[in-house]
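# A structural walkthrough
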Amino acid sequence: MEEKKITVGDILAQKGKRKITMLTAYDYPLAGLVDRAGIDMILVGDSVANVALGLESTTQVGMAEMLHHAKAVTRAVKRSLVVGDMPYESYQVHPQESVKNARRFIEEARCDAVKLEWFDNCLDVTAKIIQAGIPVMGHIGLTPQTADKIGGFKVQGKDAQAAQRLITQALELEKLGCFALVLECVPDKIAGMITEKLKIPTIGIGAGLHCDGQVLVTYDMLGLFERFTPKFVKKYLNASELMLKAIEEYKGEVLREEFPGPQHSFSIKEEELKKIGGG
Ligand code: KIV
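What you see is a predicted model, and the numbers here were worked out from it, not measured in a lab.

Another point: the nonpolar core. One broad rule of soluble globular proteins: the nonpolar side chains tend to lie buried together. Grouped together as the largest cluster of nonpolar side chains are 61 residues, with contacts concentrated most on F105, V114, I129, I140, L183 and I194. Per element, the largest residue contribution to this core is six residues, and it comes from helix α4 (residues 63-76). Among the nonpolar cores identified, the runner-up in size contains 17 residues, and I20, M41, V83 and I203 belong to it.

Here we take up the sheet that holds strand β4 (residues 113-115). Around the barrel, eight strands lie side by side as β1-β2-β3-β4-β5-β6-β7-β8; this closed barrel has parallel pairing. With direction set aside, neighbouring strand axes in the sheet form an average angle of 25 degrees. Pairing of strand β1 (residues 20-24) with strand β8 (residues 213-216) involves four bridges; the strand directions are parallel. When the sheet's bridge partners are listed, T21 is paired in β8 with Q214.

Another aspect to go through is the site of the ligand. The environment of the ligand is formed by T24, L43, G45, D46, S47, D85, K115, H139, E184, I205 and V217. In the model, an oxygen atom of the ligand is placed 2.5 Å from a nitrogen or oxygen of the S47 side chain. Within the contact set of the ligand, an oxygen atom lies 3.1 Å away from a side-chain nitrogen or oxygen of D85. The fraction of the free accessible surface of the ligand (260 Å²) that becomes covered by protein chains is 95%. Structurally, the ligand is housed in the largest pocket. When grouped by side-chain class, the residues that make up the shell around the ligand number three nonpolar, four polar and four charged.

A few words now on the domain arrangement of the chain. As assigned here, the chain comprises domain 1 (8-237) and domain 2 (242-275). Taking the mean C-alpha position of each, domain 1 and domain 2 sit 44 Å from one another.

This part is about the pairing of strand β7 (residues 202-205). Strand residues, when the strand is regular, have side chains that alternate between the two faces of the sheet. A two-sided burial pattern is seen for β7, the buried positions comprising T202 and G204 on one face and I203 and I205 on the other. The sheet contact formed by strand β6 (residues 180-184) and β7 spans four bridges and is parallel. Note on β7: the bridge partner recorded for E184 is I205. Tracing the backbone out of β6, into helix α9 (residues 188-197) and back to the parallel element β7 gives a crossover that is right-handed. Where β7 meets β8, two bridges bridge the pair, whose relative direction is parallel. Bridged to I203 within β8 is G213.

Conventions used here
- Residues numbered from 1 in each chain as written.
- Predicted model: local features only at pLDDT ≥ 70, side-chain atom pairs only at ≥ 80, totals over all residues.
- Heavy atoms only, no water.
- Core = buried A, V, L, I, M, F, W, Y, C linked by side-chain atoms within 4.5 Å.
- Buried < 20%, exposed > 50% of the residue type's maximum accessible area, 1.4 Å probe, protein only.
- Helix = DSSP H or I, 4+ residues; strand = E, 2+ residues; numbered from the N terminus.
- Pairing = 2+ DSSP bridges.
- Axes fitted to C-alpha atoms, helices over the stretch in contact; angles between N-to-C directions.
- Near = heavy atom within 4 Å.
- Polar contact = N/O pair within 3.5 Å; in protein donor to acceptor, adjacent residues only side chain to side chain.
- Areas by Shrake-Rupley, 256 points an atom, 1.4 Å probe, with all protein chains shown as cover.
- 1 Å grid on protein atoms, 1.4 Å probe; cavity = no way out; pocket = protein on both sides within 12 Å on 5 of 7 lines; lining within 4 Å.
- Sits in = over half its atoms within 2 Å of the grid points.
- Nonpolar A, V, L, I, M, F, W, Y, C, P; charged D, E, K, R; others polar.
- Domains from an automatic or database assignment.
- Right-handed = clockwise from strand over helix to strand, strands pointing away.

Take a look at the structure:
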């Protein structure tokens, strides 16, 4: 039986009923697993830059990389709602290109929605994309694409004035028509206040338990990315260790001539072999 695809309406309807689950994926096999596990939303995050491409900053990926990964993800997904993360250059450096770029995520990569981080010109760009009929997920708090402008990779909204700014941003994005909002690295009580004030769901990462849903970078929670682990990450697996063991085992078996065994090899009939002087 064909699984029913989750829609933006389904996500909105979950608010206040049960928590919403979201994880990142950048490729076909992992997206397939996340989908099969029944996660509600998959983010093709620009975190691909750090955790999969070995780059220092998310600003170092552009539309070409993001569409390439988004296409691999949507090929695998049957049920989860797929959100394409708009790269920095696609709407912050070139705001006049933002609607065209957002549309490429939907039409070329077959994503269901796009995500944009808060920045100076955020409201204008977000409004234009929503008016073009493209569902938008907002992202406030720690916005990695503009971390240099907000004091670095730090918890945001820690004093009353900064917290009030976050509340205002959240309400403005809701008013424009965003269908959900990522809250990254925000004190849990402020995330709780924003969650209570909004009709749209909040999806927290480092924002505590009171959000309507949670998102993590899958490479972090599986223990696949070793360079840095933020405080808010829980490692559900040490995949690096397991994978390293398997790779070392393979290396040993090749060196000891134990792999490939007969079950991994192909044979030819003796008479055929004799015809060319073999056997
Ligand atoms: O790119 C990403 O993975 C994200 C999440 C941290 C929300 O934006």
